[in-house]
Amino acid sequence: MKAETWFRHPMGILISSLGATVLWGSALPIVKLSYAHLDMKQGDFFGQWVFAGYRFTMAGIILILLSTILGKNTNIGRPKLSLSRLFRLGAIQTFMQYLLLYVGLSYSSGIEGSILVGSTSFFQILTARFMAPREKLIAAKWWGLLMGFAGIVVMGFGQSGGLHFQFGIGSVLLLASAVFGGFGNVLARQESMHESVISLTGKQMLIGGLGLLLVGGVKRGFVPYSFDGQAVGLLLYLSLLSAAGFALWNTVMKYNSVGRVSMYLFFIPVFGVILSAIILQEQVSSWVGLSLLFVVAGIITVNVSGRQSKQEAQEV
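Because the structure is a prediction, the values reported are computed rather than measured. (Residues numbered from 1 in each chain as written. Predicted model: local features only at pLDDT ≥ 70, side-chain atom pairs only at ≥ 80, totals over all residues. Heavy atoms only, no water.)

## Digging into the overall build of the protein chain
Next up, step 1: If you tally the helices and strands in the protein chain, you get 13 helices and zero strands.
Next up, step 2: If you list the helices and strands of the protein chain from N to C, you get α-α-α-α-α-α-α-α-α-α-α-α-α.
Next up, step 3: Residue burial in the protein chain is summarised as follows: out of 316 residues, 52% are buried.
Next up, step 4: When the accessible surface of the protein chain is summed, it comes to about 14600 Å², and 67% of that surface belongs to carbon and sulfur atoms. (Helix = DSSP H or I, 4+ residues; strand = E, 2+ residues; numbered from the N terminus. Buried < 20%, exposed > 50% of the residue type's maximum accessible area, 1.4 Å probe, protein only. Areas by Shrake-Rupley, 256 points an atom, 1.4 Å probe, with all protein chains shown as cover.)

## Focus on the nonpolar core
Next up, step 1: By size, the foremost hydrophobic cluster in this structure holds 62 residues, and its most contacted members are W24, L212 and W249.
Next up, step 2: In terms of residue count, helix α10 (residues 229-255) provides more of this core than any other element does, 12 residues in total.
Next up, step 3: If we skip the residues at most four places from it in the chain, W24 touches L241, G245, F246, W249, L265 and I268.
Next up, step 4: Core analysis: the second largest hydrophobic core is formed by eight residues, L81, L86, I92 and L187 among them. (Core = buried A, V, L, I, M, F, W, Y, C linked by side-chain atoms within 4.5 Å. Contact = heavy atoms within 4.5 Å.)

## Some words on the side chain of T251
Next up, step 1: Position of T251 among the secondary structure elements: in helix α10.
Next up, step 2: Note on T251: relative accessible area 11%, which makes it buried.
Next up, step 3: T251 has contacts with F7 and V197, leaving out every residue within four places of it along the chain.

## So, unusual backbone geometry
Next up, step 1: The backbone of D39 sits at a positive phi, close to 55 degrees, despite the residue not being glycine.
Next up, step 2: Mapped onto the elements of the fold, D39 is located in the loop between α2 (10-37) and α3 (45-70).

## Some points on the packing of α3 against helix α9 (residues 197-220)
Next up, step 1: At their nearest, the axes of α3 and α9 sit 6 Å apart, and the two run at 155 degrees to each other. When the axis of α3 is compared with that of α9, the two are roughly antiparallel. Note on packing geometry: the crossing formed by α3 with α9 is left-handed. (Axes fitted to C-alpha atoms, helices over the stretch in contact; angles between N-to-C directions. Parallel < 35°, antiparallel > 145°, perpendicular 65-115°, else oblique. Left-handed = near helix turned anticlockwise from the far one by under 90°.)

Written as structure tokens, this is what we have:
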């Protein structure tokens, strides 16, 4: 089965999207383990950026090497992507998104982070509407988004014993991170028309990772921590999950409409809570089950309406 056939097939979309969101969901508990092992303080933004810089630089190198081994052509029949456009993509999808995310999370509660990071789906669909006129904001997409948000709110309500939300600097930074994330995903979808997804993702992650490393290293030093075997293992896992997660998601985005697949991003905080319970032995509320139902219902609503619209267009 060709890659395009797999990533356009409903089962291929489901498995690939769930694979990417499970990987991203596992990042939160592994990052927490890494911070604890390296004795990294909560407000040590520059140190966190250095660590993130290592993570994404390694992920980019992994994907570039993989692209070379697989012999993927970077130029796929259209003008080759310029260096300036590669830098733009790396600055948006990796550098700015994670620069803001790490600081925002430090000023916000877990539920605030989950809800606001979940807004990436909304900004992704909204960005696609302006960048690709064919992406229509039909009522079913809005209902799907509403159900997805409801799922995240329900999960947070159950985890915290009640919803406590204060809109402050942390919320602003997390929303800005979500904007860059949504915009970056759509931009990567457009640029993948010029270069293979694996190669493109690797290059933009390398650029963004080096940027994070530079910003953090100037203030904190480029080797602020002592890396033993466990720390290297944790960092390697984070690099691999970033490489695999972004490669999967960018490929899903390349072959499908943004509105059809964006809803899957709501699984990230849900999987984050479940995997935190497994890895960090944190308590998880039974409300997570209801949260999953809301998210799944939103995905079904969007996809069923999409198939109906396609059938109606064919009949006309």
